[in-house]
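# Report on the structure
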Amino acid sequence: MPSPRILVAALLLALPSQAPVQQPPQQPPTFKSGTQVVEVDVRVFDKNGHFVTDLRPEDFEVTEDGKPQTIQSLTLVGAERPEPVPAAPTAPAAPAPAAASAPRQTWIFLFDTMHLSPGGLRNTREAVAHFVDETLKPGDIAGVIADGTMINNRLTTSREELKAAVESIKLPGDVAKLQLQMTREWPRIQDEYEAWRIAERQDNDALQRAVTRACSDDPDMCRSVPPDAMVMNKCKNVMTMFQTASRATMRVVEALSNGLARMPGPKSVVFVTEGFLVQDLESQVQQATGMANRAGAHLYTIDARGLNKSTASSAIIDQRLAWDPAGATNHVEMNEDGPNALAVDTGGFVIRNENNFGRALDTIQRDAGTYYVLAYAPTNQTFDGKYRKISVNVTRGDVKVRARRGYLALEPAKMLVPRTITPPHAVPEGAGKDDHAASAGSKDPAYDSKKTENPAAKPQPGDEPAPTFAKGEVRTDAGNPAADALRSHIESGNIVQELRKAENAVAADAAAEGWDAYQKGDVERAETFLTQAAAAPDAHAWVSYALGLSQLALGKYTDATTSWERVRRQAPEFADVYYNLADAYLLQKKDDEALDVLRDAQRRFPQDEEACNAIGVIQVRRGALDSAIDEFEKATKISPADSLGYFNLGRAYQMRSLKSQRYDRVMQKWIGGEKDRKRAIENLEKYVKMGGPYVQQAQDAIAMLNWK
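Below: a short report on this structure. (Residues numbered from 1 in each chain as written. Predicted model: local features only at pLDDT ≥ 70, side-chain atom pairs only at ≥ 80, totals over all residues. Heavy atoms only, no water.)

## Details of the overall build of the protein
Applied cut-off: A run of H or I in DSSP becomes a helix once it reaches four residues, and a run of E becomes a strand once it reaches two; helices and strands are each numbered from the N terminus. Throughout this description, buried means an accessible area under 20% of the type-specific maximum (1.4 Å probe, protein chains only), exposed means over 50%, and partly exposed covers the range between. Should any heavy atoms of two residues lie within 4.5 Å, those residues are considered in contact. Only the protein chains shown count as cover for residues, and the accessible areas themselves come from Shrake-Rupley with a 1.4 Å probe.
In terms of regular secondary structure, the protein is built from 24 helices and 19 strands. Counting the 708 residues in the protein, one finds 57% classified as buried. Long-range contacts, defined here as pairs at least 24 residues apart, represent 75% of the contacts in the protein between residues at least 6 apart. On the protein, roughly 30400 Å² of surface is accessible, and the fraction owed to carbon and sulfur atoms is 50%.

## Re the sheet that holds strand S11 (residues 297–303)
Operational definition: DSSP bridges decide pairing: two strands pair if at least two such bridges lie between them.
Read across the open sheet, the six strands follow the order S8-S7-S6-S10-S11-S12; overall the sheet is mixed. Sheet topology places strand S8 (149–150) and strand S12 (350–351) at the edges, where each strand pairs with a single neighbour. Pairing of strand S6 (residues 106–111) with strand S7 (residues 141–146) involves six bridges; the strand directions are parallel. Opposite Leu110, over in S7, you have Ile145 as the bridge partner.

## Some words on the nonpolar core
Nonpolar side chains tend to gather and get buried jointly when the protein is soluble and globular. Using the following cut-off: Residues belong to a common nonpolar core when they are buried Ala, Val, Leu, Ile, Met, Phe, Trp, Tyr or Cys residues joined through side-chain atoms within 4.5 Å.
The biggest cluster of nonpolar side chains holds 47 residues, and the ones touching the most others in it are Leu499, Tyr545, Trp564 and Val567. Listing elements by their share of this core, those giving two or more residues are helix H14 (509–519), helix H15 (523–534), helix H16 (541–553), helix H17 (557–570), helix H18 (576–587), helix H19 (591–604) and helix H20 (609–621). Judged by nonpolar contacts, the second largest core, of 32 residues, contains Ala129, Ala146, Val272 and Phe349.

## Some details on the environment of Thr157
Positionally, Thr157 belongs in the loop between strand S9 (154–155) and helix H2 (159–167). Residues Thr157 and Pro138, 19 residues apart in the sequence, show an inter-C-alpha distance of 7.8 Å.

## A few points about the state of the cysteines
Worth spelling out the cut-off: Count a disulfide wherever a pair of cysteine sulfur atoms falls within 2.5 Å.
Counted by the stated rule, this structure contains one disulfide. Residue Cys215 pairs covalently with Cys222 via a disulfide, S to S 1.8 Å. Across the S-S bond of Cys215 and Cys222 the torsion is about -45 degrees, and the bridge reads as left-handed. Classification of Cys222 as buried rests on a relative accessible area of 12%.

## Thoughts on the environment of Phe383
Within the secondary structure, Phe383 sits in the loop between strand S13 (371–376) and strand S14 (387–394). For the pair formed by Phe383 and Leu408, sequence separation is 25 residues and the distance between their alpha carbons is 8.5 Å.

## Quick look at H2
Structural remark: α-helix, 3.6 residues per turn; residues separated by three or four positions point the same way. Inclusion rule: The directions from the helix axis to the C-beta atoms are what the arc is built from.
Taken as a whole, H2 has its buried residues at Glu161, Leu162, Ala165 and Val166. For H2, the angular spread of the buried residues around the axis is 135 degrees, confining them to a single face. Lining the buried residues of H2 we find S6, helix H1 (118–134), S7 and S9.

## As for the packing of aromatic side chains
This is how it is decided: Aromatic rings from Phe, Tyr and Trp, taking only the six-membered ring of Trp, are treated as a pair when their centres fall within 6.5 Å; an angle between ring planes under 30 degrees marks them as stacked, one over 60 as edge-to-face, and anything in between as tilted.
Considering all chains together, one arrives at twelve aromatic pairs under this definition. Note on Trp107 and Phe109: the rings are 6.1 Å apart at their centroids and 5 degrees apart in plane angle, and the pair reads as stacked. For the residue pair Trp107 and Phe109, the accessibility class agrees, reading buried in each case. A centroid spacing of 5.5 Å and a plane angle of 65 degrees characterise the contact between Trp107 and Phe131, whose relative ring orientation is edge-to-face. In this pair, Trp107 sits in strand S6 while Phe131 sits in helix H1, placing the two residues 24 residues apart along the sequence. You can call Trp107 buried: its relative accessible area is 1%. With a relative accessible area of 2%, Phe131 lands in the buried category. Among the aromatic residues, those joined into a cluster by ring pairs are Phe45, Phe51, Phe60 and Tyr372.

## Topic: the pairing of S7
Rule in force here: Orient the strands so they point away from the viewer, and a crossover whose first-strand-to-second-strand path over the helix runs clockwise is right-handed.
Of all six residues that make up S7, six are buried, and the element is covered over most of its length. Residue alternation in S7 divides its side chains into two sets, Ile141, Gly143 and Ile145 and Ala142, Val144 and Ala146, and both sets are buried. With H1 bridging S6 and its parallel neighbour S7, the resulting β-α-β unit is right-handed. Across two bridges, the pairing between S7 and S8 is antiparallel.

## Things to note about the sheet that holds strand S2 (residues 60–64)
We apply this condition: A fitted line through C-alpha atoms represents every axis, and for helices the fit uses only the stretch in contact; the resulting angles, taken between N-to-C directions, go from 0 to 180 degrees.
Spatially, the four strands line up as an open sheet ordered S3-S2-S14-S16, and their pairing is antiparallel. Both outer strands of the open sheet, strand S3 (67–69) and strand S16 (406–408), are each paired with one neighbouring strand and no more. Ignoring strand direction, the axes of neighbouring strands in this sheet form an average angle of 30 degrees. Running at roughly 90 degrees to S16, helix H8 (residues 282–294) makes contact with S14 and S16 of the sheet.

## Digging into the environment of Glu513
The following threshold applies: Polar contact is defined as a pair of N or O atoms within 3.5 Å, subject to the rule that within protein one atom must be able to donate a hydrogen and the other to accept it, and that residues adjacent in sequence are counted only when both atoms are side-chain atoms.
Relative to the helices and strands, Glu513 is located in helix H14. Taking the C-alpha atoms as reference points, Glu513 and Ala526, separated by 13 residues in sequence, lie 7.4 Å from one another. If near-sequence neighbours (up to four positions away) are discounted, Glu513 is found in contact with Arg525 and Phe529. A polar side-chain atom of Glu513 sits 2.5 Å from a polar atom in the side chain of Arg525.

If you want it as structure tokens, here you go:
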């Protein structure tokens, strides 16, 4: 029986900085009942660029992986439908889509600082700060991401906080250094694309052009050292750094999307960049866009270079194209491929050749505020994590349709049009600072935000925890526990029913009222009635268990712990409560207590491999890699058919291998950790063969381990 366990049972910890590895999102639960519905927001424009507001369900055609799908509903959001023109009686038509007022928007301003120049950052930063201060609509919630980190680690409606966050953004020192080394230091490289052609494609024409430039810049240097070797070595170094940066950018988008999937309503991500190459990174791009589509998030990319791409600013370091004595090259802007893919594949668009970034943001806001929400139940109801292509067309002529192009077949995210219920993830007014911080995710030892959180920033009624993500990596904490706790009412109901199976009598009124409120998402009302019911001397364990779920959803982790400890005493044979308790303790940063609970579960249920995996993950967080490996070994022995243990074991060996390596200056290479490296590859290859949701991540890790 699955349970709403928040504890991460897969090893998704950040590796040391010299070996970045793509991290997967937390595995969603698999639902065995009910029909899943996919929602797609669609924008339709006439030939004059005006939004078309009079479409009906029969005007749309949807296919998934080439197979036609049946549209179940159509909703028009943010616009009024035109009054129908009287016509002669005809056969009855399908009902027109309901109109809905534009819901609260979620905005993310993502500054791709690894791919920005000082001038591009300065100009776009000013425009975004002005947009936040003057244009953001009341009630909209927003967050700012820079250098892979959400500033203040939360979303908020406070314009002052958002504006201060935008104005605080600076480029990492290594970015400016890289740009200077590439375009100014001998031998100069024209741009990323030239480095890619020389280093990755062994393009002799591109190499000779770079050599000609180098010898024109410094003839004496050209005579003293082989210029072609110098150019080749520099291009290889440049490509290594840029590919690392591009992978980090994709991981940020993927991790952000994983967090946004827990939030209802439309989400618009303004992605500020100067472009990056995606050659040889196609799978990472598809994963990132697939996660964004699952979350209902649209990426609008702004090219920060503006209209004058060759000289974004008068500063030398901003010059993307160095003066070239070998003559100008004519090639497609390959570094536009990354922003294009992120925008087009998620249903957004790209703004480039625009110096008025304020006008660009206004255009994005208009586009984000009006759309159709089209819902269908896919004919393929097996949610296996694979990417599925979507095509949306309108049968009416002379219109342009824009919608996302696919999604990852995981647990569907919250609906794009929010229902009228109490948001289970909302931080209650007056919540303590510690509780709010915990709801944003407890920081792992492996997590280094590089940002100083504002100690004066207190939770406001409009604040929400930041989506679970960190610099270039998916963090290993529980993320938003409230959203996870209420992820599936079906699942929660099954667990409660299992716990109360011995109780055939009709539940007391307070317990029944509280559970009904919980199932409807009204967790505050649920807590009130379940607290009353749990106080009765003969209260059953299921009442306290449901009360703990409600308290967790409200961010009351200490109270949830008390309720679940009561369940553990009343029903020690009930395995699920041990994992809930461990989650609650971890959210309070009480790792020792969480380990005690999990070890108790291990003693009571020696054949439950999940306890071993959970203990192992905590041990990795604590830096105890030897103990973690022992636990993962136990998990694979208890359940050799469960692939997750092999994934965790491979990742733990990978970390220990890296930790034991040292650089030999005489041999000029990294040595040590060879035995652990081989064991890591062996276990990760076994995981890939067995299959699971993290196959891509395992393959990436294997590729890195095989690289010398």
